[in-house]
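Residues per chain, in single letters:
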Amino acid sequence: MLEIVVKEFSELNTIELYGLLQLRSQIFVVEQNCVYQDLDGKDIKALHVVGFKKEKVVAYTRIFKPGDYFDHASIGRVTVAADQRSYGYGKDIMKASIAAVQNNFNTAQIKISAQTYLLKFYEELGFKSIGDTYLEDGIPHFAMVKN
């Protein structure tokens, strides 16, 4: 069972912060073989949606209010540990993130930058692609919105 919490940056303890940064690095840098600046200075503005299994961070997103990243509220850094992907935690963490956007920012409009291979996953959550594909850190992405 996944336990999901939503915290401001200042509310994260060092073990939680280390766990989510380790997970992001494991997936976005090592697994995807992509050298990029993950610590981009935006974590301080974000709300962090963290999924724990037996006190270990196994799923994560960060969310932003409108204007802090895109014009709309946004969800980013969506990740689930490789050995935990068969349990539906991706949908669990995204549903919790969508609810957190609605509850904390009083909006249902959300924009994401989605890796193209996950297009169907996000469509199942109500997102629609807009525009053409583009490269972000060398990986093909689509802009997607949910209203």
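Residues numbered from 1 in each chain as written. Predicted model: local features only at pLDDT ≥ 70, side-chain atom pairs only at ≥ 80, totals over all residues. Heavy atoms only, no water.

## Concerning the overall build of the protein
Helix and strand counts for the protein stand at 3 helices and 7 strands. Counting from the amino terminus, the protein carries its helices and strands in the arrangement β-α-β-β-β-α-β-α-β-β. Relative to a compact globule of 147 residues, whose C-alpha radius of gyration would be 15 Å, the protein shows 14 Å and is just as compact. Reported as C-alpha extents along the three principal axes, the dimensions of the protein are approximately 40 × 35 × 30 Å. Out of the 147 residues belonging to the protein, those deemed buried represent 44%. The long-range share in the protein, meaning contacts at least 24 apart out of those at least 6 apart in sequence, stands at 60%. When the accessible surface of the protein is totalled, it reaches about 8200 Å², and 51% of it is carbon and sulfur. Positive and negative charge centroids in the protein, built from 17 and 18 side chains respectively, lie 3 Å apart. (Helix = DSSP H or I, 4+ residues; strand = E, 2+ residues; numbered from the N terminus. Rg over C-alpha atoms; globule rule 2.2 N^0.38 Å. Buried < 20%, exposed > 50% of the residue type's maximum accessible area, 1.4 Å probe, protein only. Contact = heavy atoms within 4.5 Å. Areas by Shrake-Rupley, 256 points an atom, 1.4 Å probe, with all protein chains shown as cover. Lys, Arg positive; Asp, Glu negative; His and termini not counted. Charge placed at Lys NZ, Arg CZ, Asp CG, Glu CD.)

## A few points about the pattern of salt bridges
Taken as a whole and assessed by the stated rule, the structure comprises 10 salt bridges. With a shortest N-O distance of 2.8 Å, Lys-7 and Glu-16 are connected by a salt bridge. Here Lys-7 matches Glu-16 in class, with each residue buried. Ionic pairing is found between Arg-24 and Asp-38, a salt bridge with its closest N-O pair at 3.0 Å. Here Asp-38 lies in the loop between helix H1 (14-31) and strand E2 (47-53) and Arg-24 lies in helix H1, a separation of 14 residues in the sequence. Given a relative accessible area of 0%, Arg-24 falls into the buried group. (Salt bridge = Lys/Arg side-chain N within 4 Å of Asp/Glu carboxyl O.)

## Concerning the packing of aromatic side chains
All told, the structure shown has 5 aromatic pairs when counted by the stated rule. When the ring of Phe-64 is compared with that of Tyr-69, the centres are 5.2 Å apart and the planes differ by 20°; the resulting orientation is stacked. Judged by relative accessible area, which is 2%, Phe-64 ranks as buried. Taking the centre distance of 6.1 Å and the plane angle of 85° together, the rings of Tyr-122 and Phe-127 count as edge-to-face. Both residues of the pair, Tyr-122 and Phe-127, count as buried. An aromatic cluster is defined as three or more aromatic residues linked by ring pairs; in this entry it consists of Phe-64, Tyr-69 and Phe-70. It is Lys-53 that lies over the ring of Tyr-87; its NZ or CZ is 4.1 Å from the centre. Lying over the aromatic face of Phe-70, Lys-111 brings its terminal NZ or CZ to 4.7 Å of the ring centre. (Phe/Tyr/Trp six-rings, centres within 6.5 Å; stacked < 30°, edge-to-face > 60°. Lys NZ or Arg CZ within 6 Å of the ring centre and 35° of its normal.)

## Let's talk about the nonpolar core
Grouped together as the largest cluster of nonpolar side chains are 38 residues, with contacts concentrated most on Val-50, Ile-63, Ile-75, Ile-112, Tyr-122 and Phe-127. Elements with a minimum of two residues in this core: H1, E2, strand E3 (56-64), strand E4 (73-80), helix H2 (89-105), strand E5 (110-115) and strand E7 (139-146). Among the elements that line this core, the one with the most residues is H2, at 7 residues. When neighbours within four sequence positions are excluded, Phe-127 is seen to be in contact with Met-94, Ile-98, Ile-110, Ile-112, Tyr-122, Met-144, Val-145 and Lys-146. (Core = buried A, V, L, I, M, F, W, Y, C linked by side-chain atoms within 4.5 Å.)

## Notes on the side chain of Gln-84
Within the secondary structure, Gln-84 is located in the loop between E4 and H2. When its relative accessible area of 11% is taken as the criterion, Gln-84 is described as buried.

## Digging into the environment of Gly-51
Inspection of the secondary structure puts Gly-51 in strand E2. With residues near it in sequence (within four places) discarded, Gly-51 still touches Leu-2, Glu-3, Ile-4, Lys-56, Val-57, Val-58, Ala-59 and Ile-93.

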